[in-house]
Amino acid sequence: KDKIKEVFNAEAFLGRRTIMVAAGSSTDDLKFVGLASIEDPPRPEVIPAVRAAKAAGARVVMITGDYVNTAASICSQTGISDMSPLVLLQQKLVISCDEFRTLSEEEQENCVFKCCGFARAKPEDKLKIVQLAQNPKSAGRKPLVAAMTGDGVNDAPALSQADIGVSMGITGTAVARQASAIILTDDSFASIV
């Protein structure tokens, strides 16, 4: 089990999505067969688009359903952060929403204003992150204008809440498009910039 976890985490740090394969006659009789990893590298136009957005004063934050190590790797690969995935995790600049949900509202707000990535996010987490960015309770912290991108039904609440909801026109669901102010006809993050 330790070796499987070690390989799984190593693959995640490379930005890969990894699944375990098992076989058996019932769920009580499963035997480990192996791991399969899928690499979905960022599109080439994303890195310069993130750089341009940051240069214009926008703060780019990734909210994903991916595993936390994969999310940290993608934040590094795309330039959302210039830190290594390991440093992002050690400094809690990329966190799992499983942990985010256990925090007090004040701690959650601090995460929203410092983190560059949220992993294992559910629809309610995405909505909460947008709401905390727009309406901080801490003294001296100014509200942010929140733009949110998404393509699925699970993104609709956050797309609707955001000041600027941006959905994908090609891969996006009808619900996501209806909840958005802007629909990207090419599904490219670079088009937002």
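Our subject is the structure that appears above.
Rules and cut-offs
Throughout this description, residue numbers start from 1 for each chain and increase along the sequence as written. For a predicted model such as this one, the threshold for reporting local features is a pLDDT of at least 70, and the threshold for listing and counting side-chain atom pairs is 80 or more; totals across whole chains, interfaces and linings nevertheless cover every residue. The basis for every side-chain value is the complete set of non-hydrogen atoms in the structure, without hydrogens or water. Buried, partly exposed and exposed residues are distinguished by accessible area as a fraction of the type maximum, computed with a 1.4 Å probe on protein chains only: under 20%, between the cut-offs, and over 50%, respectively. Secondary structure elements follow DSSP: runs of H or I no shorter than four residues count as helices, runs of E no shorter than two count as strands, and numbering proceeds from the N terminus. Note on handedness: a crossover is taken as right-handed if, strands pointing away from the viewer, the path from the first strand over the helix to the second is clockwise. Strands were regarded as paired on the criterion that DSSP finds at least two bridges between them. Grid points spaced at 1 Å and placed over the protein atoms alone form the basis of the search, with a cavity being a set where a 1.4 Å probe fits but cannot get out and a pocket an open set showing protein on both sides within 12 Å along at least five of seven lines. Lining residues have an atom within 4 Å of a point. Grid points are joined across faces, edges and corners, and a volume is the space filled by probe spheres set on the points. Side-chain classes are defined by residue name, with Ala, Val, Leu, Ile, Met, Phe, Trp, Tyr, Cys and Pro counting as nonpolar, Asp, Glu, Lys and Arg as charged, and the others, Gly among them, as polar. The salt bridge criterion pairs a side-chain nitrogen of Lys or Arg with a carboxyl oxygen of Asp or Glu, the two atoms within 4 Å. Here the axes come from fitting lines to C-alpha atoms, over the contacting stretch only for helices, and the angles between their N-to-C directions go from 0 to 180 degrees. If an angle is under 35 degrees, it is roughly parallel; if it is over 145, roughly antiparallel; if it lies from 65 to 115, roughly perpendicular; otherwise it is oblique. Should the near helix be turned anticlockwise from the far one by less than a right angle, the crossing is left-handed, and should it be turned clockwise, the crossing is right-handed. Note on contacts: a residue pair is in contact if any heavy atoms of the two residues lie within 4.5 Å.

Engineer: Explanation requested: the pairing of strand E7 (residues 164-168) in the structure shown.
Structural biologist: A regular strand places its side chains so that they alternate between the two faces of the sheet. Of all 5 residues that make up E7, 4 are buried, and the element is covered over most of its length. With helix H8 (residues 156-161) bridging strand E6 (residues 147-150) and its parallel neighbour E7, the resulting β-α-β unit is right-handed. Here E7 pairs with strand E8 (residues 182-184) via 3 bridges, running parallel. What sits directly across from Met 168, in E8, is Leu 184.

Engineer: How should empty space enclosed by the protein be read in this particular structure?
Structural biologist: A probe matching the size of a water molecule, rolled over the atoms, marks out where space remains unfilled. Scanning all chains against the criterion turns up 1 cavity of 30 Å³ or more. There is about 30 Å³ of room inside the largest cavity. Split by residue class, the lining of the largest cavity holds 3 nonpolar, 2 polar and 2 charged.

Engineer: What's the story with the pattern of salt bridges in this structure? I'm lost.
Structural biologist: Should the charged atoms of two oppositely charged side chains come close, the side chains can pair. Counted under the stated rule, the structure contains 13 salt bridges. Residue Glu 39 pairs with Arg 16 through a salt bridge whose shortest N-O separation is 3.7 Å. Pair noted here: Glu 39 is in strand E2 (residues 31-39) and Arg 16 is in strand E1 (residues 16-23), with a separation of 23 residues, a long-range link. Residue classification places Glu 39 among the partly exposed residues on the basis of a relative accessible area of 46%. Residue Lys 126 pairs with Asp 155 through a salt bridge whose shortest N-O separation is 2.5 Å. One end of the pair, Lys 126, is in helix H7 (residues 123-134); the other, Asp 155, is in the loop between E6 and H8, and 29 residues separate them in sequence. Take Lys 126: its relative accessible area is 6%, and that puts it in the buried class. You can call Asp 155 buried: its relative accessible area is 5%.

Engineer: Help me understand the packing of helix H1 (residues 2-13) against helix H3 (residues 68-78), please; the structure alone is not making it clear to me.
Structural biologist: Geometry of a packed helix pair, given as the angle between the helix axes and the separation of the axes. One can describe the packing of H1 onto H3 by two numbers: an axis separation of 7 Å at closest approach and a directional angle of 25°. The orientation of H1 with respect to H3, classified from their angle, is roughly parallel. The handedness of the crossing between H1 and H3 comes out as right-handed. For the pair formed by H1 and H3, the contact residues are Asn 9, Ala 12 and Phe 13 on the first element and Asn 69, Thr 70 and Ser 73 on the second.

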